[in-house]
Amino acid sequence: MPPVLWILTAAAFTIGTDAYVIAGVLPDLARDLDVTVGAAGQLVTVFAAVYALSAPVVSSLTASLSRRSALAAALAVFTAGNALTAVAPGYGLVVLGRIVAAAGAAGFTPAASAAAADLVPPRHRAKALAAVIGGITTATALGVPLGTLAAGALGWRATLGGVAVLGLAALVGVAAWLPALPPGSRYTLAERFAGLRNPAVLAVLVVSLFTVTSEQVVYTYIGTALAPATGARAGVLAALLLVFGLGALVGNAVAGWATDRFGSRITLLLAVGGMTADLALLPWWCRSLPAAAAAMCCWGLTAWMYVVPQQHRLLFLAGSGGPLAVALHSSVLYLGMAVSGALGGAVLQFGPPPWLALPAVLLGALAVGVAAVGYGRERALSSTVPTVSPQGQVFRREGRESADS
């Protein structure tokens, strides 16, 4: 792996930390800005919605730039947004800062993945992509707990300021050491959204939308939900978020093995079903620290197991349009985060934090149901008509069905 690849990994770590750390600093942020926790949670909604909607647009607008120029521009916007958030005196400017940061993040992630693939020979591209995505996963395990801990000691502004400093360091690294790689393929917005016209692809995206919304409607407000167990202590909350993040690392690793070994159907249904069952018990485990630690580990493990089988299915179902379908999937995940922030804030207007389990369980059950129906239809079709994968492998009833690919 070329050393410059680790600059992209570090930058992805910074992007991932920024996307998720608001959940850990939400109570402190709400108090400082003199708004309700529900209103503060809309910062997650704003960030995720802007990311989801601007990612394909920004990718199209920067398609003519070299990879280095596109990444440098994205990191400059991202850094400026976080710097504004850190120093903003009021809620309105904080919202503006999150909008700017999200636009920068939306431009960075696709360009970083493409640059990583261009930096290595074809036989090492999977490893290079895994290194970049690993930066985002590691942010969940380490960046968010560390940011929460820093907020407890120095305030939430220090955490967002630290993210801005890391973004600036990544910008300098990209500008100094990343080669001026040529632009990639250009796609129109219509081509980027073409997957929505494929019913099978659309069903997969709906499952991911329900799943991520189920997860994030609780995670966004986790500091408030776990206050009975943590005693509102930032250090204890950071420890629980670390447990969640370590579970996520294990779940992400297990998902790849399980999908190859058992197929996407079993892996996905076990992941989403297990997460839904865990969140259903939120009103009980949020009151006890030992129970919360066990539940957070289980939650992290299952919540990060569904992405791999979903991407695996999209690559199969979309054929030559697989990469664009996977990019569309990323936008759907952030759209789910946006919906979850708004939904969770609405729930907290009418009831206590344990009530967040209600929409989480309903959405998780819907995800399981839609996935089961989708797999069932694909199995029925594959039992009579052989399905040929993009690699030429034929899936029949007596072998591994296309629905399990």
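Residues numbered from 1 in each chain as written. Predicted model: local features only at pLDDT ≥ 70, side-chain atom pairs only at ≥ 80, totals over all residues. Heavy atoms only, no water.

Caption draft 1: Inspection of unusual backbone geometry at higher detail. Within the chain, Asp-34 stands out as a residue other than glycine whose phi angle is a positive 60°. Summarising the element assignment, Asp-34 is placed in the loop between α2 (22-33) and α3 (37-61). By relative accessible area, which is 69% here, Asp-34 ends up exposed. (Helix = DSSP H or I, 4+ residues; strand = E, 2+ residues; numbered from the N terminus. Buried < 20%, exposed > 50% of the residue type's maximum accessible area, 1.4 Å probe, protein only.)

Caption draft 2: Representation of the packing of helix α1 (residues 4-20) against helix α7 (residues 156-177). Direction vectors running N to C along α1 and α7 enclose 155°, while the axes themselves pass 9 Å from each other. By the angle class used here, α1 and α7 are roughly antiparallel. As for the relative orientation of α1 and α7, their crossing is left-handed in sense. Contacts from Val-4, Ile-7, Leu-8, Ala-11, Thr-14, Thr-17 and Asp-18 of α1 reach α7 at Leu-160, Val-163, Leu-166, Gly-167, Ala-170, Gly-173, Val-174 and Trp-177. Across the contact of α1 with α7, the residue classes break down as 10 nonpolar, four polar and one charged. (Axes fitted to C-alpha atoms, helices over the stretch in contact; angles between N-to-C directions. Parallel < 35°, antiparallel > 145°, perpendicular 65-115°, else oblique. Left-handed = near helix turned anticlockwise from the far one by under 90°. Contact = heavy atoms within 4.5 Å. Nonpolar A, V, L, I, M, F, W, Y, C, P; charged D, E, K, R; others polar.)

Caption draft 3: Representation of helix α15 (residues 289-303). Taking 1.5 Å of rise per residue, 15 residues should cover 21 Å, and α15 covers 20 Å from first to last C-alpha, within 8% of that figure. Taken as a whole, α15 has its buried residues at Ala-292, Ala-295, Met-296, Trp-299, Gly-300, Thr-302 and Ala-303. All buried residues of α15 fall inside an arc of 165° around its axis, so they share one side. Against α9 (199-219), α10 (222-225), α11 (227-230), α12 (234-262), α13 (264-280) and α14 (282-285) lie the buried residues of α15. (Expected span 1.5 Å × (residues − 1). Arc of directions from axis to C-beta.)

Caption draft 4: Representation of the pattern of salt bridges. With the rule as written, the count across this model stands at three salt bridges. In this structure, Arg-98 engages Asp-18 in a salt bridge whose closest nitrogen and oxygen atoms are separated by 2.9 Å. Placement of the pair is Arg-98 in helix α5 (residues 91-119) and Asp-18 in helix α1, with a sequence separation of 80 residues. Look at Asp-18 and you get buried, because its relative accessible area is 0%. The salt bridge partner of Arg-157 is Asp-32, with a shortest N-O separation of 3.2 Å. Here Arg-157, found in helix α7, pairs with Asp-32, found in helix α2; they are 125 residues apart in sequence, far enough to count as distant. Given the relative accessible area of 26%, Arg-157 is considered partly exposed. (Salt bridge = Lys/Arg side-chain N within 4 Å of Asp/Glu carboxyl O.)

Caption draft 5: Broad picture of the environment of Ala-30. Inspection of the secondary structure assignment puts Ala-30 in helix α2. Using a relative accessible area of 4% as the deciding quantity, one classes Ala-30 as buried. If near-sequence neighbours (up to four positions away) are discounted, Ala-30 is found in contact with Val-35, Thr-36, Val-37 and Ala-40.

Caption draft 6: Structural detail: the packing of aromatic side chains. A complete count under the given rule lists seven aromatic pairs for this structure. Seen in terms of ring centroids, Phe-244 and Trp-299 are 5.1 Å apart; in terms of plane orientation they differ by 80°. Their pairing is edge-to-face. Residue Phe-244 is found in helix α12, and its partner Trp-299 is found in helix α15; the two are separated by 55 residues along the sequence. Take Phe-244 and Trp-299: they sit in the same class, and that class is buried. Ring pairs connect the aromatic residues Tyr-20, Tyr-219, Phe-244, Trp-285 and Trp-299, which therefore count as one cluster. One residue, Arg-313, lies across the ring of Tyr-375, its end atom 3.9 Å from the ring centre. (Phe/Tyr/Trp six-rings, centres within 6.5 Å; stacked < 30°, edge-to-face > 60°. Lys NZ or Arg CZ within 6 Å of the ring centre and 35° of its normal.)

Caption draft 7: Structural detail: α7. The end-to-end C-alpha distance of α7, which contains 22 residues, comes to 32 Å, matching closely the 32 Å that a straight helix rising 1.5 Å per residue would cover. Among the residues of α7, those classed as buried are Trp-156, Thr-159, Leu-160, Val-163, Ala-164, Gly-167, Ala-170, Leu-171, Gly-173 and Val-174.

Fair warning: the whole summary comes from geometry, so function is off the table for now.
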